[in-house]
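# Per-entry structural report
Given next are the chains, with one letter for each unit.
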Amino acid sequence: MANALRRLSKCGVAGFLPQVFSRHGPRTLPHLVCQQRNNSTSSKIKVDLDPSTGVAVMRMQSPPVNSLNLDLLTEFTTTLEKLEMDKGCRGVIITSSLPKIFSAGLDILEMYQTSPEHCGEFWRAVQEMWLKLYGSKLTTIAAINGSSPAGGCLLSISCDYRVMADNPRYSIGLNETLLGIVAPYWFKDTMANTVGHRTTELALALGRLYSAPEALKIGLVDELVPEDQVVTTAAQTMGKWLAIDENARQVTKAMMRKPTIDKLLSNREADVNNFVSFITQASVQKSLGMYLKMLKNRKG
Ligand code: CO8
């Protein structure tokens, strides 16, 4: 825990210097500013907040595939927290600045051949990201402009609304069983809250990755649009959401999501322990190693 807090505070203080772009050009909001990193690591998330609309765009920019490693997760959570505290921000669009990839999901290298302590720290960061995003009082829209497996899918379905690029080559789903691992109950709950119990059962058991048109059909995403219109469509949709009475919308969101969130909140450390004891098993490590090898071989 001490490690996690150290890392959070490291990133909270030095994680990024948010550049805010308005029609009047880039500016830096004082309330979003923390001290500049004292190393040369560049930010993994670019934030553009338009003060005239109150809508921020968070662009993940962590090549090659926006895999959610400890740094990206921590920065994601910190960024969202800061936007939540910013009175000028009412909605967030989450997208990727990488071509063809929204997010490859959790970074497998954080879970493969690492210590139990590291796995625990990593898992707390995954929980934190989900708790913040799923429970955010802001309106959140995923502008899914590429493939979005596993943790990338979780990130998407934790938003209020999903717009995806209409490209059958892009896929989305909770494919954990293909890696020989099991989606935790709160991944499963988030999915079931989106597409229903039976569809989730089939999706999880088979590790289904749905093409964009299939994802629309089962309600995993809400809308497909041409690739170059994903963010603009998300912005238009955001306008409709922001026209709703803020308090009524927030209370409704909390009513729908709180029971799912509370389940994890009342059980967080047990969930970390479950994850660590599961992921460090020799057989699970072997499956992860084989999956990584498969990803490499696919290239050749
Ligand atoms: N983690 C770490 N490295 C990754 C990941 C990842 N999730 N995904 C890709 N990479 C690496 C590749 O190995 C490759 O590395 P290298 O260049 O060293 O060979 C590099 O990123 C580029 O990948 P590709 O060449 O495959 O890129 P493509 O553009 O061809 O394809 C894809 C992009 C479609 C995203 C493809 O990389 C892919 O399918 N990746 C795997 C996605 C996946 O299965 N993710 C699951 C992660 S597990 C998770 O999110 C939930 C875990 C819950 C745990 C619960 C336990 C109890």
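All values derive from a computational prediction rather than experimental measurement.

## Focus on the overall build of the protein
Counting its regular elements, the protein contains eleven helices and twelve strands. With the model as given, the accessible surface of the protein reaches about 14,000 Å², and the carbon-plus-sulfur share is 56%.

## Quick look at helix 5 (residues 185-195)
Along helix 5, the residues classified as buried are Trp186, Phe187, Asp189, Thr190, Met191 and Val195. For helix 5, the secondary structure elements touched by its buried residues are helix 3 (116-134), helix 4 (151-157), helix 6 (197-206), helix 7 (212-218), helix 9 (246-265) and helix 10 (268-279). Gly196 sits one or two positions beyond helix 5 and adopts a positive phi of about 95°.

## Quick notes on the pattern of salt bridges
Counting across every chain of the model gives 13 salt bridges. Note that Lys263 and Asp189 form a salt bridge whose closest N and O atoms lie 2.7 Å from each other. Of this pair, Lys263 sits in helix 9 while Asp189 sits in helix 5, and the two are 74 residues apart along the sequence. In this structure Asp189 comes out as buried when scored by relative accessible area, which is 9%. Between Glu201 and Arg198 there is a salt bridge, with the nearest N and O atoms lying 3.2 Å from each other. You can see Glu201 and its partner Arg198 sitting in helix 6, three residues apart, about one turn around the helix. One continuous salt-bridge network, built from bridges that share partners, spans Lys46, Asp48 and Arg59.

## Quick look at the confidence of the model for the protein
Residues shown with low pLDDT carry predicted positions that ought not to be read at fine detail. Per-residue confidence for the protein averages 88 on the pLDDT scale, and 86% of its residues sit at or above 70. Here residues 1-41 is modelled with pLDDT under 50, and outside its nearest four sequence neighbours on either side it reaches 68 contacts, counting other chains as well.

## Comments concerning the site of the ligand
Around the ligand lies a shell of 26 residues, among which Leu106, Tyr291, Lys296, Arg298 and Lys299 are the nearest. With respect to the ligand, the backbone of Leu106 contributes an N or O atom lying 2.7 Å from an oxygen atom. Within the side chain of Arg298, an N or O atom sits 2.7 Å from an oxygen atom of the ligand. Relative to its free-state accessible area of 1,100 Å², the ligand is covered by the protein chains to the extent of 80%.

## Some words on the packing of aromatic side chains
Geometry of an aromatic ring pair is reported as the spacing of the ring centres plus the angle between the planes. Counted under the stated rule, the structure contains seven aromatic pairs. Residues Trp130 and Tyr134 carry aromatic rings whose centres are separated by 5.2 Å and whose planes lie at 15° to one another, so their mutual orientation is stacked. Remark: Tyr134 and Trp130 occur in helix 3; sequence separation between them is four residues, near one turn of the helix. Accessibility expressed as a relative area gives 4% for Tyr134, which makes it buried. A ring pair is formed by Tyr161 and Trp241, whose centres lie 6.4 Å apart and whose planes are at 65°; its orientation type is edge-to-face. Note that Tyr161 is positioned in strand 9 (residues 161-165) and Trp241 in helix 8 (residues 230-242), a separation of 80 residues in sequence. The partly exposed category is assigned to Trp241, whose relative accessible area is 26%. An aromatic cluster is built from Trp123, Trp130, Tyr134, Trp186, Phe187 and Phe275, whose rings are joined through pairwise contacts.

## A few points about the pairing of strand 5 (residues 91-96)
Across the six residues that make up strand 5, a large majority, six, are buried. Here strand 5 shows two buried faces, one formed by Gly91, Ile93 and Thr95 and the other by Val92, Ile94 and Ser96. As paired strands, strand 4 (residues 55-60) and strand 5 are joined by six bridges and run parallel to one another. The partner of Val55 across the bridge, within strand 5, is Gly91. Regarding topology, helix 2 (residues 70-85) serves as the crossover connection from strand 4 to the parallel strand 5, and that connection is right-handed. Sheet analysis places strand 5 next to strand 7 (residues 139-144), joined by four bridges and oriented parallel. Within the sheet, the bridge partner assigned to Gly91 lies in strand 7 and is Thr139.

## Remarks on the nonpolar core
Grouped together as the largest cluster of nonpolar side chains are 79 residues, with contacts concentrated most on Met58, Phe76, Ile94, Leu155, Phe187 and Leu220. A per-element tally of this core places helix 3 first, with ten residues. Setting aside its immediate chain neighbours within four residues, Ile94 contacts Met58, Met60, Phe76, Phe102, Leu133, Ile141, Ala142, Ala143, Leu155 and Cys159.

Parameters at a glance
In this numbering scheme, every chain counts its residues from 1 along its sequence in written order. With pLDDT at 70 or above as the cut-off, local features in this predicted model cover only qualifying residues; side-chain atom pairs require 80 or more to be listed or tallied, and sums for whole chains, interfaces and linings still use all residues. As a convention, hydrogens and water are excluded, and side-chain values are obtained from all of the structure's heavy atoms. Put simply, DSSP H or I for four residues or longer makes a helix, DSSP E for two residues or longer makes a strand, and each gets a number counted from the N terminus. Surface exposure here means Shrake-Rupley accessible area, sampled with a 1.4 Å probe, where a residue is shielded only by the protein chains that are shown. Relative accessibility thresholds used throughout: buried, under 20% of the residue-type maximum; exposed, over 50%; partly exposed, between the two (1.4 Å probe, protein chains only). Contacts between residues were defined by any pair of non-hydrogen atoms, one from each residue, lying within 4.5 Å. Between Lys or Arg on one side and Asp or Glu on the other, a salt bridge is scored when a side-chain nitrogen of the former is within 4 Å of a carboxyl oxygen of the latter. A score from 0 to 100, pLDDT tells how confident the predictor is in each residue. Any residue with a heavy atom lying within 4 Å of a molecule or strand is counted as near it. Nitrogen and oxygen atoms within 3.5 Å of one another constitute a polar contact, given that in protein one can donate a hydrogen and the other can accept it, and given that sequence-neighbouring residues count only through two side-chain atoms. Each aromatic pair joins two rings of Phe, Tyr and Trp (for Trp, the six-membered one) with centres within 6.5 Å, and gets the label stacked for planes under 30 degrees apart, edge-to-face for over 60, and tilted for any other angle. In short, DSSP must find at least two bridges between two strands for them to pair. Here, the term right-handed applies to a crossover whose path from the first strand over the helix to the second runs clockwise when the strands point away from the viewer. As used in this record, nonpolar core signifies buried Ala, Val, Leu, Ile, Met, Phe, Trp, Tyr and Cys residues forming a set joined through side-chain atoms within 4.5 Å.

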